[in-house]
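Results of the structural survey
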Amino acid sequence: MSPILESRGLTKTFGAVTAARDISLSIEEDTVVGLIGGNGAGKTTFLNLVTGYLKPTAGTVRFQGRDITGMAPRRITRLGICRSFQIPQVFDTLTAYENLLVGLGIVSMGRKAFVGSNLGTARPEAVADEMLERFHLREYRDEPASVLPEGVRKLLDIAMALAVKPAILLLDEPTSGVSADEKFSLMDLVLGAIRADKVTVLFVEHDMDIVRRYTQRILAFYDGKVIADGDSATVLSNPEVRRLVVGEPAPEEGAAPC
Amino acid sequence: MSTILAVLVDGVIYASWLFVIATGLTLVYGVMRILNMAHGSLYALGAYAAASLAGAWLRAGWAPMGSYAMLVLAALLVGLVVGPLIERGLLRFCYGRDEVVLVLVTYALFLILEDVIKLVWGVESYFIYEPYGLLGNVEMGALSYPVYSAVLVGAAVLVGVLLRIGIYGTRYGKLLTAVIHDREVSAAMGINVNRVYLVTFTLGTMLAAIGGALTAPTVSVVPGMGVETIVLAFAVVVIGGLGSMQGAALGALIVGLVRSGAVHFFPQVELFSIYLVMALVLAVRPRGLFVAAEARKI
Amino acid sequence: MTSFRRTTLGLGVALLVMGLAAPLLPKWALFLVTIAIAKGMVALGLLLLMRTGLVSFGQGLYFAAGAYAAGVGSQALDLGDAVPMVLLGGLTAAAVAAGLGLLLARYRAIFFAMLSLAFSMILYGLLVKTSALGSTDGFNVAARTVFGLPIGSTLGRYGVYALAALCAFGAAVGLDRYLGSYLGRLAPAVRDNELRVEYMGASVRNLVHLNLVIAAAMAGVGGALTALAVGHIDPEMAYWTTSGEFVFVAILSGTASVAAPFAGAVLLELLRSFAYEHAPNTWQLVMGSAMLAVILFLPEGLWSIFRRRRRAAT
Ligand SMILES: Nc1ncnc2c1ncn2[C@@H]1O[C@H](COP(=O)(O)OP(=O)(O)OP(=O)(O)O)[C@@H](O)[C@H]1O
Ligand SMILES: [Mg+2]
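Predicted model, so just to flag it, every value in this text is computed and none were measured. Throughout this description, residue numbers start from 1 for each chain and increase along the sequence as written. All chains are assigned letters beginning at A, and all ligands numbers beginning at 1, according to the order in which they are written. Only residues with pLDDT of at least 70 are given local features in this predicted model, and only at 80 or more are side-chain atom pairs given and counted; all residues enter the totals for whole chains, interfaces and linings. The basis for every side-chain value is the complete set of heavy atoms in the structure, and neither hydrogens nor water enter the calculation.

Below, the discussion takes up the site of ligand 1. Any residue with a non-hydrogen atom lying within 4 Å of a molecule or strand is treated as near it. Of all residues adjacent to ligand 1, which total 15 residues, the nearest are G40, K43, T44, T45 and Q86 of chain A. Those residues lying near ligand 1 are distributed over chains A and B. Polar contacts, as counted here, are pairs of nitrogen or oxygen atoms within 3.5 Å of one another; within protein the pair requires one atom able to donate a hydrogen and one able to accept it, and residues that are adjacent in sequence qualify only if both atoms are side-chain atoms. Within the contact set of ligand 1, an oxygen atom lies 3.2 Å away from a backbone nitrogen or oxygen of A41 of chain A. In this structure, an oxygen atom belonging to ligand 1 sits 3.3 Å away from a side-chain N or O atom of E173 of chain A. Expressed as a share of its isolated accessible area of 630 Å², the protein-covered part of ligand 1 is 73%. Strands are runs of DSSP state E lasting at least 2 residues, helices are runs of H or I lasting at least 4, and numbering of each runs from the N terminus. Those elements that place two or more of their residues in the shell around ligand 1 are β2 (17-28) and α1 (43-50) of chain A. Ranked by residue count, the leading element in the shell around ligand 1 is α1 of chain A, at three residues. Areas reported here follow the Shrake-Rupley algorithm with a probe of radius 1.4 Å; residue values treat only the protein chains shown as occluding.

Structure follows, in structure tokens:
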């Protein structure tokens, strides 16, 4: 299978800080990949580089074989890469429904430009309501986003990214700010909603139990570098990963959940 | 040759005047994030107060040299009375609101102050030319300048030096810098942010008033004199970078020289040369010369 | 009934009332309403900008550009009729904004406000120094006909008034329709979170640019109408205090309804003519205090009082 997303030697420095060092990796179509790493490991920076928010100091990003390095986020979105954010980026004065309609309206105004969207000729209003249904957000439909609880904002943020039916979805810590016992139901909901459309997913996550359960493959970052890349069980038992990312003195497989 | 000298000298004199006013504007913005549209009215208040005080002094027949003290006293009075009045009476209810909303609030304040000035001083003009001529003239080649202009330049340098010492050399200045840097953290560290705001706004008002008081002897003090001043001061601080002291100094110098150059060589563009420069600077440096645009972290 | 239909109906009724009331109004009232509508047009443009999250302290630039274009057009191009003059005013202002927008659309918040102000002051400086356009004094502007009717005829007397009313109706209905479209709905999205709009695939800069041009066109039409109503134009129209007055009307009216700027402008003109007679030196004081009261206590503008009542009733 050909990779849908590929980075070669991706590097980003902020003054003295190197947030990404020579990151080379590729992601296959129709897979769910986890991205782990401690605070400041460069996970968000990687997403920012891929989506064009940051221009890399060196290296290239290819999407479906096409070089997208240095393109503006809006052009990359049109090609079919969408993302959610660590801190939800929603439109505070708009209702949940209107929030969804923003992106859908943009696509419906320029379907030709959105080569990466699988929205077809669906009516934006219908898709918005369908998304609210799928993400169990019905009851918040007409509430302004500013009054929604944090977890709901998070869901809305993800729903907005998924609504336009991209080819790949990058999720930045979908479960952060959500209480531990709600994480699994939230991830069931999110991945269920996403996988219904066969969208490739790369998600950043701190909770190892979540990553283990939902991914086939894991990328581990440390200090801007990829220190491990492989199927989930292998990466999670890698001693370097256990020491640098999980923060444990490498006990045996299947450590107790916290 | 003498034209170039004249351009330089005129430019520096004009820049000094602008600097004193603009530095107050930029200080208030830097610390409080308020772009004060009423700054020009505070300048006008300083001029009116100076005209009244110095006028009364001279009419009483006391030593004419004392009129300089009256100019300074007027500025201090305006700063100490009007500054706290506005900050405590109005601005403190608006902290935390959007910068644009604060611009609108101070615009409303500008409208109010313009009429307050008319109600207090009437609509006729005030003249106090004595302090301007009192010190005689100084010859520079073929040109002759009133010594008072040198006083103006000296005052600007003094203001600049005092502010520098105040900000970098005193405990209070460190508090100020802390608040500029991060007000939430400062508040959490126990800095009394409200007091810093009060002092800052008083200081800003005083600087506007000093600008007005020192100008009073060189112009006729009339209603609306602050209206043009405020947009000039905006141009200066925007060119230099909002909130930057060095920026205000450089901005004032640029605007001063551009204007005096225009006056001498292209009088027909005098009025808008300044704004043209401002637009050009912003086109190249969107946040002004001394402030870098920063990306939002997501 | 959709909100768009309701707005159109309401504005249609207002237009009808204005038409029926015209013969009953004294000359000064006709003039006052015409001027208010002209200024309301500028404030309507500001409403669009404010929905996009922008406040311009330089709408006087487009207002003056429209007025001067109408004036120069009537003389140089020998446009005798008011309609093409107003059209020319709107188009000129839009063209100016299309050019300046290349730079302006990159700025937000106070920088946008200040740069707009700077541009308007550049025009002011130019006009003051251009003797061909009458320098500080400006010049007189007059149309010979309105809709082909001679200005002096019985019906022609109402010509400019009717033209203003029609412009306002068209602009308000058009803007309401625009604000309800997918494109128009990006305005509040841009105000709330530009980054997300870019991440949804739209160009924020192009949208701001477009809204700038629309707002300028409205201001230009307003300027041309003012020129026709007053019969005279001067550089003051571009001065920043003129722009400030438009901001005042826009803040007073809020952004909730496309009818509000016109209501706000009529209120302003009524208050002004009253104040000029009784207390000429307290007019700005009243304006400033009213503005403070609205900002502090009614952040969504005076119009929100009606909305709150309606919401409470349902
Ligand atoms: N815009 C920026 N300017 C300067 N430094 C930055 C910027 N963005 C990120 N960094 C730095 O780059 C490094 C990596 O940051 P990044 O946000 O990518 O980490 P992360 O893995 O997402 O961490 P977290 O789990 O805390 O979200 C950090 O040291 C951070 O301070
Ligand atoms: Mg992160």
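Here the focus is the sheet that holds strand β4 (residues 58-63) of chain A. All names here are of chain A. With respect to topology, four strands assemble into an open sheet ordered β2-β1-β4-β5, the strand pairing being antiparallel. Two strands close off the open sheet at either side, each with one partner strand: β2 and β5 (66-67). We call two residues in contact whenever any of their non-hydrogen atoms come within 4.5 Å of each other. Comment: axis = line fitted to C-alpha atoms, over the contacting stretch for helices; angle = value between 0 and 180 degrees taken between N-to-C directions. The sheet strands contacting α1 are β1 (3-14), β2 and β4, and the helix crosses β1 at an angle near 115 degrees. At least two DSSP bridges between two strands are required for those strands to pair.

Residues and elements named next belong to chain C. By secondary structure assignment, the location of A265 is in helix α11 (residues 260-278). Judged by its relative accessible area of 0%, A265 falls in the buried class. Residues A265 and Y199 lie 66 residues apart in sequence; the distance between their C-alpha atoms is 38 Å. Setting aside anything within four residues of it in sequence, one finds A265 in contact with A36, K39, G40 and V249. Whether a residue is buried, partly exposed or exposed follows from its accessible area with a 1.4 Å probe, protein chains only, as a fraction of its type maximum: under 20%, in between, or over 50%, in that order.

Here is the rule: rings of Phe, Tyr and Trp (six-membered ring for Trp) pair when centre to centre is within 6.5 Å. Planes less than 30 degrees apart are stacked, more than 60 are edge-to-face, and the remainder are tilted. Evaluated as defined, the whole model comprises 19 aromatic pairs over all chains. Between the aromatic rings of Y95 of chain B and Y197 of chain B, the centroid separation amounts to 4.8 Å while the plane-to-plane angle is 70 degrees, which identifies the pairing as edge-to-face. One end of the pair, Y95 of chain B, is in the loop between α3 (66-89) and α4 (99-121); the other, Y197 of chain B, is in helix α9 (residues 193-215), and 102 residues separate them in sequence. By relative accessible area, Y95 of chain B is classed as partly exposed at 21%. The class of Y197 of chain B is buried, set by a relative accessible area of 4%. Between the aromatic rings of F127 of chain B and Y129 of chain B, the centroid separation amounts to 5.7 Å while the plane-to-plane angle is 50 degrees, which identifies the pairing as tilted. The ring of Y14 of chain B has R259 of chain B lying over it, and the distance from NZ or CZ to the ring centre is 4.0 Å. Criterion for a charge above a ring: Arg CZ or Lys NZ at most 6 Å from the ring centre, at most 35 degrees from the ring normal. Its end group placed over the ring of F111 of chain C, R287 of chain B keeps NZ or CZ at 4.5 Å from the ring centre.

Each partner contributes to the interface: chain B provides 44 residues, whereas chain C provides 42 residues. Buried area adds together the accessible area that both of two parts lose upon being put together, with accessible area traced by a 1.4 Å probe. When the buried area of chain B at its contact with chain C is split by residue, L104, Y107 and L111 of chain B rank highest and sum to 14% of it. Linking chain B with chain C are nine residue pairs in polar contact (both at pLDDT 80 or more). Going through the elements one at a time, α4, α10 (225-240) and α12 (270-284) of chain B are the ones with two or more residues in the side of chain B that touches chain C. Per element, the largest residue contribution to the side of chain B that touches chain C is 16 residues, and it comes from α4 of chain B.

Across a sheet, paired strands are connected by hydrogen bonds in the backbone, their directions being either parallel or antiparallel. Residues and elements named next belong to chain A. Taken in spatial order, the six strands make up an open sheet running β6-β7-β8-β3-β9-β10, and their pairing is mixed. A strand with exactly one partner marks an edge of an open sheet, and here the two such strands are β6 (81-83) and β10 (225-231). For this sheet the average axis-to-axis angle between neighbouring strands, irrespective of direction, equals 15 degrees. Of the pairings in the sheet, the one linking β6 to strand β7 (residues 168-172) comprises three bridges and is parallel in character. Along β7, the bridge assignment pairs I81 with I168. Against the sheet, helix α5 (residues 150-163) makes contact with β6 and β7, and its axis sits at roughly 160 degrees relative to β7, the strand it touches most. Along the sheet, helix α6 (residues 183-195) contacts β3 (32-36), β7 and β8 (200-204); its crossing angle with β8, the most-contacted strand, is approximately 155 degrees.

What follows deals with helix α1 (residues 2-32) of chain B. Each residue after the first adds 1.5 Å to the expected span of a helix. With 31 residues, α1 of chain B should cover 45 Å at 1.5 Å per step; its first-to-last C-alpha distance of 44 Å lies within 8% of that length. The buried fraction of α1 of chain B is high, at 24 of 31 residues.

Any N, O or S atom lying within 2.8 Å of the metal counts as a donor, with the limit raised to 3.2 Å for Na, K and Ca; because water is left out of the atom set, some sites can appear incomplete. For the magnesium ion (ligand 2), the full set of protein donor atoms is T44 of chain A (OG1) and Q86 of chain A (OE1), and the range of their distances to it is 1.9 to 2.2 Å. Taken together, the positions of T44 of chain A in helix α1 and Q86 of chain A in the loop between β6 and α3 (96-109) put the pair 42 residues apart, joining distant regions of the chain.

Chain C puts 18 residues into the contact, and the matching count from chain A is 28 residues. A combined buried area of about 2,100 Å² lies between chain C and chain A, and 63% of that area is made up of carbon and sulfur atoms. Of all residues in chain C, R196, Y199 and M200 of chain C give up the largest surface area on contact with chain A, accounting jointly for 38% of the area buried on that side. Salt bridge, as used here: a side-chain nitrogen of Lys or Arg that lies within 4 Å of a carboxyl oxygen of Asp or Glu. For the pair chain C and chain A, the number of links is two salt bridges. R74 of chain A is paired through a salt bridge with E198 of chain C; the nearest N and O atoms lie 2.8 Å apart. Taken together, the connections running from chain C to chain A amount to 12 residue pairs in polar contact (both at pLDDT 80 or more).

Definitions used for this entry: grid spacing 1 Å over protein atoms alone; cavity, a set of points where a 1.4 Å probe fits but cannot get out; pocket, an open set with protein on both sides within 12 Å along at least 5 of 7 lines; lining residue, one with an atom within 4 Å of a point. Grid points are joined across faces, edges and corners, and a volume is the space filled by probe spheres set on the points. In this structure, the second largest pocket occupies an estimated 820 Å³ of space. Elements with a contribution of two residues or more to the lining of the second largest pocket: α4 of chain B together with α2 (27-51), α9 (204-230), β4 (232-233), α10 (240-253), α11 and α12 (283-297) of chain C. Under the grouping applied here, Gly and all other residues not named as nonpolar or charged are polar, the nonpolar ones being Ala, Val, Leu, Ile, Met, Phe, Trp, Tyr, Cys and Pro and the charged ones Asp, Glu, Lys and Arg. Looking at the lining of the second largest pocket residue by residue, the class counts come to 18 nonpolar, seven polar and eight charged.

This next bit is on the confidence of the model for chain C. Low-pLDDT stretches of the model should not have their predicted coordinates read in fine detail. As a per-residue measure, pLDDT reflects the predictor's confidence and takes values from 0 up to 100. Taken residue by residue, chain C gives an average pLDDT of 90. The fraction at 70 or more is 96%. Here helix α13 (residues 303-313) of chain C is the element of chain C with the lowest mean pLDDT, 58, and α9 of chain C is the one with the highest, 96.

Distance thresholds for patches are 9 Å for like charges and 5 Å for nonpolar side chains (Val, Leu, Ile, Met, Phe, Trp, Tyr), applied to residues having over 30% relative accessible area and no salt bridge. On the surface, V72, L73, L76, L77, L80 and V81 of chain B cluster together into a nonpolar patch covering about 500 Å² of accessible area. Assessed through its relative accessible area of 46%, V72 of chain B is described here as partly exposed.

Relative placement of two packed helices is described by the angle separating their axes and the distance separating the axes. Residue and element names in this part refer to chain C. Direction vectors running N to C along helix α3 (residues 59-76) and α10 enclose 110 degrees, while the axes themselves pass 7 Å from each other. As far as their axial angle goes, α10 and α3 are roughly perpendicular. Contacts from Q59, G60 and F63 in α3 reach T242, S243 and F246 in α10. Residue composition of the contact of α3 with α10, by class: two nonpolar, four polar and no charged. We call two directions roughly parallel when the angle between them is under 35 degrees, roughly antiparallel when it is over 145, roughly perpendicular when it lies between 65 and 115, and oblique otherwise.

All names here are of chain A. Phi angles above zero are rare outside glycine, and D30 is one such case at about 60 degrees. For D30, the location among the structural elements is in the loop between β2 and β3. Given a relative accessible area of 33%, D30 falls into the partly exposed group. At E173, a residue that is not glycine, the phi angle is positive and equals roughly 50 degrees. Following the sequence through the fold, E173 ends up in the loop between β7 and α6. Since its relative accessible area comes to 7%, E173 is described here as buried.

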